[in-house]
Amino acid sequence: MPGFRLRTQILLLQVVIIIASLGAGFGIVLHRVQTETRAEYGHRAQAIAETVASDTDVRSGASVQSAARRQGHPATPAELSAGPLQHQAQTVTDRTGVLFVVIADDAGYRIAHPDPAELGKPLSTDPSIALAGGVEVTEQRGTLGDSVRAKAPVYGPDGAVVGLVSVGVPMGTVADAARRALLLLIGLAALALVVGIIGSGLLARRWRRLTLGLEPEEMAELIREQDAVLHSGSEGVIAIDADGVARVINERARELLGVTAEPGTPLAGLGLTTRVAGVVANPTERPVAAAVNERVVLVASRRVHREGRDLGTVLTAVDRTDIEALTRELDSVQAMSAALRAQRHESANRVHVVAGLLRDGRTDEALAYLDEVAGRAGVTPVSGLDRLDEPHLKAFVAAKAARAHERGVALRVGADTALVGVLTHPVDTTTLVGNLIDNAIDAAADAGEPREVELDVLRDGVDLAIVVSDSGPGFVIDDPFAEGISTRADPTVPGGRGLGLAIARQVARGHGGDVTVVSRGGAGADEPTTVMATLPEGVRDDD
């Protein structure tokens, strides 16, 4: 049916099927109604005939009339018309509403008939079956017209057949009864047709609601587009219906979010982290950063509505691990660059001083000044920095000291530090140390005097232990490693802050180590807030 929408085609097809089914069923029922109606009236005629034939007066009268005919002087029509059998037959006819009640003798001559003119004449139909002792029900035409008639034998006192009773129901009566039954059936069929059409309409309407009004071609195209989008992009996608059941999970989502469940799993069974599950529960189109296993991802979600109907939630995830690593490396480079610029500025000032002294011929003062400058560690001295005999970490800590100085915080290397060798994973190690120092500097800067951060780096064979303490207010939360937990807001950070400790632990665990809070510190505490990180095989001897 070209040109029609699918739901219209389904509606029309169902209506055609209903009409065809009703038509075929109606034809079968019509035939059975007519047959059963004729059989019903035949049984009624038989019952009347057998009742009349069993009547004592009828049996006696039939015996008398049969005997008189055998003796050669049968009753005349006038005698039969005035006789008791004629009266009784007429009474039964009037009471039952049949077409006729006819009584005949054993020779087949009428001894009772609705038409007195037919009395004494032979029956118009074959009486042999009834006179032989059988009961016959047939459709026949007689002197009174077409009828469904029954013939029953009349037995005499000695048990011999002495006549018969024939009862007929007019075919008009049978036809009227069949017509009434058919009208009832037609009404029921019409009602079934109306109910079927209404049901088909409701089904088509539900079809339209379930398919969101899309045609098969549109749904096929949508499936192709969905497959292309879900499996060719770099984003992880999880589609969750309005009942909280995941219906679509692409491979990228499994990789980024660590999902192993199959589609059809409730949201609680997907194994999402608390922060990712929170993004689903409270949809936000602004990306939120989350640490999942060994990755940092940006997750966002949005509600999907169509025609005012809630279709569920779509969660998207983008890998930010590489970007986060580059950001941390860039932070380190920027910190060291800032320290170098400060040193360059200070060096230029010192060169000017030396040049001025030399021009004035004050050579001894110039030499003394140079000796003093050569003994300093740089623009921002770090107490105990000489205990770090590792080039990457030493330069990195010196750069972080400049940032700490800007925040009014003193960064020092602890007396327990004794590091000789080269870092096995310099980028990851500086990333971890940078996160811990940044958090400590921020905490110390928010506290009162003294504002201090102490770093201890210990080597045990090839294993590395990093301990950072600060004079800040301490942790006031149950889980400081939870994603998104931060007392500072920074709109310039995609996904928000609160990932420092989570990323530090992620880096450490990536190499088989861990990050733990040794002391939570806090106001009035006897010891500072202390965080320790371990890195197995984090250092090696300098070859």
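None of these values were measured; they are calculated from a predicted model. (Residues numbered from 1 in each chain as written. Predicted model: local features only at pLDDT ≥ 70, side-chain atom pairs only at ≥ 80, totals over all residues. Heavy atoms only, no water.)

What to know about unusual backbone geometry
Move 1: One non-glycine residue with positive phi stands out, namely E537, at about 55°.
Move 2: Of note, E537 is situated in the loop between β18 (529-535) and β19 (539-540).
Move 3: Given a relative accessible area of 54%, E537 falls into the exposed group. (Helix = DSSP H or I, 4+ residues; strand = E, 2+ residues; numbered from the N terminus. Buried < 20%, exposed > 50% of the residue type's maximum accessible area, 1.4 Å probe, protein only.)

A word on helix α4 (residues 84-96)
Move 1: End to end, α4 covers 18 Å across 13 residues, agreeing with the expected 18 Å (1.5 Å per residue, within 8%).
Move 2: Inspection of α4 places L85, Q86, A89, V92 and T93 among the buried residues, and these make up the whole buried set. All buried residues of α4 project into a common sector of 130° when viewed along the axis, lining one side. Facing away from the buried side of α4, by more than 90 degrees, are the exposed residues P84, H87, D94 and R95.
Move 3: Positive phi shows up at G97, right after α4, with a value of about 75°. (Expected span 1.5 Å × (residues − 1). Arc of directions from axis to C-beta.)

Considering the sheet that holds strand β3 (residues 136-142)
Move 1: In spatial order, the strands read β2-β1-β5-β4-β3; together these five strands make up an open sheet with antiparallel pairing. Here the strands that pair on one side only, and so sit at the sheet edges, are β2 (110-112) and β3. Neighbour to neighbour, the strand axes of the sheet diverge by 35° on average, direction disregarded.
Move 2: Note that β3 and strand β4 (residues 145-155) share seven bridges and pair antiparallel. Considered in β4, the bridge of R141 is made with D146. (Pairing = 2+ DSSP bridges. Axes fitted to C-alpha atoms, helices over the stretch in contact; angles between N-to-C directions.)

Comments concerning the packing of helix α12 (residues 391-406) against helix α13 (residues 426-445)
Move 1: Contact pair α12 / α13: the axes reach a minimum separation of 11 Å and the direction vectors enclose 25°. Classified by the angle between their axes, α12 and α13 sit roughly parallel to one another. Crossing angle aside, the handedness with which α12 passes α13 is right-handed. Note on element contacts: α13 touches α12 through P426, T430, V433, G434, I437, D438, I441 and D442, opposite H392, L393, F396, K400, R403 and A404.
Move 2: Its residues placed into classes, the contact of α12 with α13 shows seven nonpolar, three polar and four charged. (Parallel < 35°, antiparallel > 145°, perpendicular 65-115°, else oblique. Left-handed = near helix turned anticlockwise from the far one by under 90°. Contact = heavy atoms within 4.5 Å. Nonpolar A, V, L, I, M, F, W, Y, C, P; charged D, E, K, R; others polar.)

Focus on the pattern of salt bridges
Move 1: The full count for this structure, using the stated rule, is 16 salt bridges.
Move 2: A salt bridge links R247 to D241; the shortest N-O distance between them is 2.8 Å.
Move 3: One salt bridge connects K400 with D438, and the closest N-O pair in it is separated by 2.9 Å. Here K400 is found in helix α12, whereas its partner D438 is found in helix α13, with 38 residues between them in sequence. Across this residue pair, the class does not change: K400 and D438 are buried.
Move 4: Through salt bridges with shared partners, one network takes in E251, R254 and E262. (Salt bridge = Lys/Arg side-chain N within 4 Å of Asp/Glu carboxyl O.)

Some thoughts on the confidence of the model for the protein chain
Move 1: Averaged over all residues, the pLDDT of the protein chain equals 78, while 78% of them reach at least 70.
Move 2: Between the elements of the protein chain, mean pLDDT differs from a low of 58, seen in helix α7 (residues 216-232), to a high of 91, seen in strand β16 (residues 463-470).
Move 3: Every residue in residues 485-498 is under pLDDT 50, and counting partners more than four places away or in other chains gives 26 contacts. (pLDDT = per-residue confidence, 0-100.)

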